[in-house]
Each structure stands twice: as C-alpha cells, then as structure tokens.
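# Notes for the structure review
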Amino acid sequence: MQLNKNIYFSILSIIIIFITNSYFTYEESLIFGGRDGEFYIAIADAAPFFGENIEYIKGERFIVPYLIGIISKIFYFESYNLFRFFSSASFLICVYLFYKILKKINLNDNQIFISLGLLIFNPYLSRYFIAVPTSLMDITFIISLEIIILAFLSNKKSLFYFGIFLSTMVRQNGLLILITFIFVKIYYRKKSKIDNKDIL
C-alpha cells in the first residue's frame with residue numbers, strides 16, 4: 001500500500017537524518033548560525049527570574065526559553081539539552097503536520113512521497129534545527145504556520161486560534177499574520193471565513 005510506503009520512507013529518512021547529522025555544542029552553535037541562542041540560553045538559565053542584558057527583540061520571545069528554564073530547574077536537566085530535545089521533537093511535529101496538509105489538499109501518493117522527501121532532506125528544516133537547537137523559536141514558528149493552514153483546510157477555528165497564539169508567542173512575525181487576516185476580512189467581507197469575533 002502506497003500510504004505505508006510514504007510512512008516507512010519518512011521514518012527511514014528521519015532516522016538517516018538523526019544518525020548522520022551534526023550535533024553542535026553550545027559554543028559551536030554560537031559560531032555556526034545560532035548566535036541568538038546566547039540570549040535564549042540566558043533567559044532559560046535565569047528562570048524563574050528574568051535574565052539580564054537580553055537583546056530587546058529576543059526578550060520579546062521569552063516564553064518558550066523561560067518555560068524550558070523552568071523545566072530544567074524542576075528536573076535538573078541542562079537547558080541546552082532541553083533545547084535539543086524540543087528542537088528535535090519539533091522537527092518530527094513539522095513533518096507530521098506537513099503530511100497532514102498534503103493529505104488535506106488531495107495530492108496523489110507520488111506527489112506526497114516527493115514532497116515529504118523535499119521537506120525532510122531540506123538541510124535548513126532538518127539538519128540545521130537539530131544541530132543548532134537554540135533556533136527552536138524558528139521551527140516553532142513554522143509549525144504555527146502549518147497549524148493555521150490546517151485550521152483553514154479543516155475549518156477548525158480552535159486550531160486557528162492556537163496557531164495565531166503560538167506564532168505570536170515565538171516571533172513578532174505572528175502579529176503580521178494577524179494583521180493580514182484583518183485586511184482579508186475587510187477586503188472580502190462576508191466571503192471571508194474569519195468573522196469579527198475571530199478577529200477580536
């Protein structure tokens with residue numbers, strides 16, 4: 001059955017990614033593209049208090065690293081290792097939601113197979129986030145976009161609310177998405193799937 005082939009292909013591909021990927025230390029991650037991680041780690045390590053000398057725009061994204069810091073204090077895990085765990089888990093969630101979207105838009109099995117391969121083996125969407133786990137906010141933002149897409153495809157407003165909330169929690173870009181929906185509502189009026197209550 002082709003569906004099973006796609007699932008097996010995804011599982012095997014993900015295993016290959018995890019086995020062959022680089023796993024940077026915190027210091028290496030700062031050199032190889034994760035300079036923002038310095039502030040996220042500082043926020044996490046300062047929890048339950050607030051970190052000092054945090055760059056303003058990074059401080060606005062404090063919720064996720066702050067929660068990671070709380071978890072690290074409760075269970076005595078190093079915060080960087082928790083970032084790695086959640087970043088790797090987020091990659092798996094990203095692939096799963098992408099598969100759900102592909103099924104919703106009625107692609108055939110071969111198109112799904114190719115699309116999954118393009119996502120999983122895209123080095124920026126897989127290897128980078130695993131190697132530089134403090135980029136967790138970026139992949140979480142991608143997940144929030146997938147949730148918003150699924151919300152429209154499934155006509156589930158609860159998913160829409162959650163996607164918007166998640167996007168604004170991890171990146172300021174989420175506000176632009178909300179503003180875009182407001183303009184769509186104004187332009188299309190009654191044709192829009194979003195009503196005034198949703199906007200509020």
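Residues numbered from 1 in each chain as written. Predicted model: local features only at pLDDT ≥ 70, side-chain atom pairs only at ≥ 80, totals over all residues. Heavy atoms only, no water.

Counting across every chain of the model gives twelve aromatic pairs. Considering the side-chain rings of Tyr128 and Phe129, the 5.5 Å spacing of their centres and the 70° angle between planes classify their relative orientation as edge-to-face. Take Tyr128 and Phe129: they sit in the same class, and that class is buried. Put simply, the rings of Tyr124, Tyr128 and Phe129 pair up and form one aromatic cluster. Here the basic side chain of Arg171 rests over the ring of Phe141, its NZ or CZ set 5.8 Å away from the ring centre. (Phe/Tyr/Trp six-rings, centres within 6.5 Å; stacked < 30°, edge-to-face > 60°. Buried < 20%, exposed > 50% of the residue type's maximum accessible area, 1.4 Å probe, protein only. Lys NZ or Arg CZ within 6 Å of the ring centre and 35° of its normal.)

The next thing to look at is the confidence of the model for the chain. Within the chain, residue pLDDT values average 86, and 94% of them lie at 70 or more. Helix α6 (residues 79–104) holds the highest mean pLDDT among the elements of the chain, 94, whereas helix α4 (residues 56–59) holds the lowest, 68. (pLDDT = per-residue confidence, 0-100. Helix = DSSP H or I, 4+ residues; strand = E, 2+ residues; numbered from the N terminus.)

With that out of the way, let us pick up the nonpolar core. Of all hydrophobic cores here, the largest spans 44 residues; its most connected members are Val64, Phe83, Phe91 and Val95. The greatest single-element share of this core, amounting to ten residues, is contributed by α6. Residues within four places of Val64 in sequence aside, it is in contact with Leu136, Met137, Met169 and Val170. (Core = buried A, V, L, I, M, F, W, Y, C linked by side-chain atoms within 4.5 Å. Contact = heavy atoms within 4.5 Å.)

The geometry of α6 relative to helix α9 (residues 136–154) is characterised by a closest axis approach of 9 Å and an angle of 25° between their N-to-C directions. Comparing their axes, α9 and α6 come out roughly parallel. Two packed elements cross with a definite hand, and for α6 against α9 that hand is left-handed. Of α9, the residues touching α6 (which contributes Phe83, Phe86, Ser87, Ser90, Phe91, Ile93, Cys94, Leu97, Phe98, Lys100, Ile101 and Lys104) are Leu136, Met137, Ile139, Thr140, Ile142, Ile143, Glu146, Ile147, Ile149, Leu150, Leu153 and Ser154. Its residues assigned to classes, the contact of α6 with α9 comprises 17 nonpolar, four polar and three charged. (Axes fitted to C-alpha atoms, helices over the stretch in contact; angles between N-to-C directions. Parallel < 35°, antiparallel > 145°, perpendicular 65-115°, else oblique. Left-handed = near helix turned anticlockwise from the far one by under 90°. Nonpolar A, V, L, I, M, F, W, Y, C, P; charged D, E, K, R; others polar.)

Let us now look at the packing of α6 against helix α7 (residues 109–120). Between two packed helices, both the angle of their axes relative to each other and the distance between the axes serve to describe the pair. Between α6 and α7, the least distance of the axes is 10 Å, while the angle of their chain directions is 155°. It follows that α6 is roughly antiparallel to α7 by the angle criterion. When the axes of α6 and α7 are compared, the crossing they make is right-handed. Each of Phe91, Cys94, Val95, Phe98, Tyr99, Leu102 and Lys103 in α6 lies in contact with α7, whose residues at this interface are Ile112, Ser115, Leu116, Leu119 and Ile120.

Let us now look at unusual backbone geometry. Omega for the bond connecting Ala47 with Pro48 falls within 30 degrees of zero, at 10°, which places this linkage in the cis form. Take Pro48: it is sitting in the loop between α3 (37–46) and α4. Positioned with a positive phi, Tyr76 is a non-glycine residue whose angle comes to about 60°. Inspection of the secondary structure puts Tyr76 in the loop between α5 (63–75) and α6. One non-glycine residue, Asn106, adopts positive backbone phi at about 60°.

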